[in-house]
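If you want the building blocks of each chain, they are given just below.
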Amino acid sequence: MNESWITKFKGLGRLPTDIRAELETGSQIVSVPAGTQIFAPGQTADNLWLLLEGTVKVQQKSETGREVFLYRVHAGESCVLTTACMLAFEDYAAEGTSETDVKAVAIPRKTFDDLVAKSPVFREFVFTAYSRRITDLFTLIDDIVFQRMDVRLASRLLELADDDNVIHATHAVLGTELGTAREVVSRTLSEFQRRGWVEQSRGEVRLVGKDGLERLVKSAGARQ
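Residues numbered from 1 in each chain as written. Predicted model: local features only at pLDDT ≥ 70, side-chain atom pairs only at ≥ 80, totals over all residues. Heavy atoms only, no water.

## What to know about the packing of helix H6 (residues 149–160) against helix H7 (residues 171–178)
Two elements in contact, H6 and H7, have axes whose closest approach is 11 Å; the angle formed by their N-to-C orientations is 110°. With respect to H7, the axis of H6 lies roughly perpendicular. Taking contact as the criterion, the partners of Met149, Arg152, Leu153, Arg156, Leu157 and Leu160 in H6 are, on H7, Leu174, Glu177 and Leu178. Residues belonging to the contact of H6 with H7 are distributed by class as follows: six nonpolar, no polar and three charged. (Axes fitted to C-alpha atoms, helices over the stretch in contact; angles between N-to-C directions. Helix = DSSP H or I, 4+ residues; strand = E, 2+ residues; numbered from the N terminus. Parallel < 35°, antiparallel > 145°, perpendicular 65-115°, else oblique. Contact = heavy atoms within 4.5 Å. Nonpolar A, V, L, I, M, F, W, Y, C, P; charged D, E, K, R; others polar.)

If you want it as structure tokens, here you go:
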């Protein structure tokens, strides 16, 4: 299994044999159930997690209690906040929770520090993933500041829909995803429903006019 997980992360396959062996020996496979808090504000970052299966949701809570979604970590990815905390020796400033059952590789700080210091390939892997996620965060800021809420909600519904075109989330949860109030989401969804794009029931939204949502997102992209 150790041999196979290396291949799931682009860039690690180029590690020299001795560095690969050190990484495998110095890390472990961990599993956590859905709904587990993996890290929280004020905690120390002791391990870099590379996800093999599942998703982890990272969000931040303000002093007023408002939650703002930052990003998701998917299989084949690492957490940029954990990377930043380990590089800067800072504590977490946000919360990470497993949305699904998660399987991951946990790389302890000692192994992480050793490999970053002596392996150009491992260092490139870490900073490439880091820079890619930072770009995503700048996109998020751009969306919040400049993008229309109906376009942002349409895009997020398309992203979160399962194979049956259903999003299992309350209006409050969708508000957290988009960094806005529940009431704003409710008003926008009501308009989507009036247009025949969605149907709503308790705790879920069903996409019945997916083409309409896709046209809205596409038209907004064309105007930028």
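## Section: the sheet that holds strand S8 (residues 166–167)
Taken in spatial order, the three strands make up an open sheet running S8-S10-S9, and their pairing is antiparallel. Each edge of the sheet is formed by a strand with only one pairing partner; in this case those strands are S8 and strand S9 (198–201). In terms of strand pairing, S8 meets strand S10 (residues 204–207) through two bridges, oriented antiparallel. Bridge pairing links Val166 to Arg206 in S10. (Pairing = 2+ DSSP bridges.)

## A short note on the pattern of salt bridges
Between side chains of opposite charge, a pair can form as their charged atoms come close. One pass over the full model with this rule turns up 13 salt bridges. The salt bridge partner of Glu177 is Arg72, with a shortest N-O separation of 2.4 Å. In this pair, Glu177 is assigned in helix H7 and Arg72 in strand S5 (residues 67–73), connecting sequence segments 105 residues apart. In this structure Glu177 comes out as buried when scored by relative accessible area, which is 2%. For the salt bridge of Arg182 with Glu183, the shortest nitrogen-to-oxygen distance reads 3.1 Å. (Salt bridge = Lys/Arg side-chain N within 4 Å of Asp/Glu carboxyl O. Buried < 20%, exposed > 50% of the residue type's maximum accessible area, 1.4 Å probe, protein only.)

## Examining the pairing of S9
Both S9 and S10 contribute to a ladder of four bridges, which runs antiparallel. Each bridged residue has a counterpart across the sheet, and for Val198 the counterpart in S10 is Leu207. Count of turn residues in the S9/S10 antiparallel hairpin: two residues, of which Gly203 carries a positive phi of about 80°.

## A short note on unusual backbone geometry
Phi is positive for Phe89, which is not a glycine, with a value near 55°. At Asn165, a position not held by glycine, the phi torsion is positive, near 60°. Looking at where Asn165 falls in the secondary structure, it is placed in the loop between H6 and S8.

## Quick notes on the UniProt feature "domain: HTH crp-type" (unreviewed entry) in the chain
When the UniProt feature table is mapped to this numbering, "domain: HTH crp-type" (unreviewed entry) covers residues 147–211. The span residues 147–211 is 54% helix and 15% strand, and its two end C-alpha atoms sit 20 Å from each other. (UniProt positions renumbered as here; feature names shortened; annotations may be inferred.)

## Some details on the environment of Val32
Within the secondary structure layout, Val32 lies in strand S1 (residues 28–32). Look at Val32 and you get buried, because its relative accessible area is 17%. Counting along the chain gives 69 residues from Val32 to Asp101, while the straight-line C-alpha distance between them is 6.0 Å. Beyond its immediate chain neighbours, meaning those up to four positions away, Val32 contacts Ile38, Trp49, Ser98, Thr100, Asp101 and Val102.

## Examining the sheet that holds S5
Spatially, the four strands line up as an open sheet ordered S2-S6-S4-S5, and their pairing is antiparallel. Two strands lie at the open edges of the sheet, namely strand S2 (37–39) and S5, each paired on one side alone. Direction aside, the axes of adjacent strands within the sheet are offset by 30° on average. Sheet topology places S2 next to strand S6 (residues 95–98); two bridges connect them, and they run antiparallel. Note that in S6 the partner of Gln37 across the bridge is Thr97.

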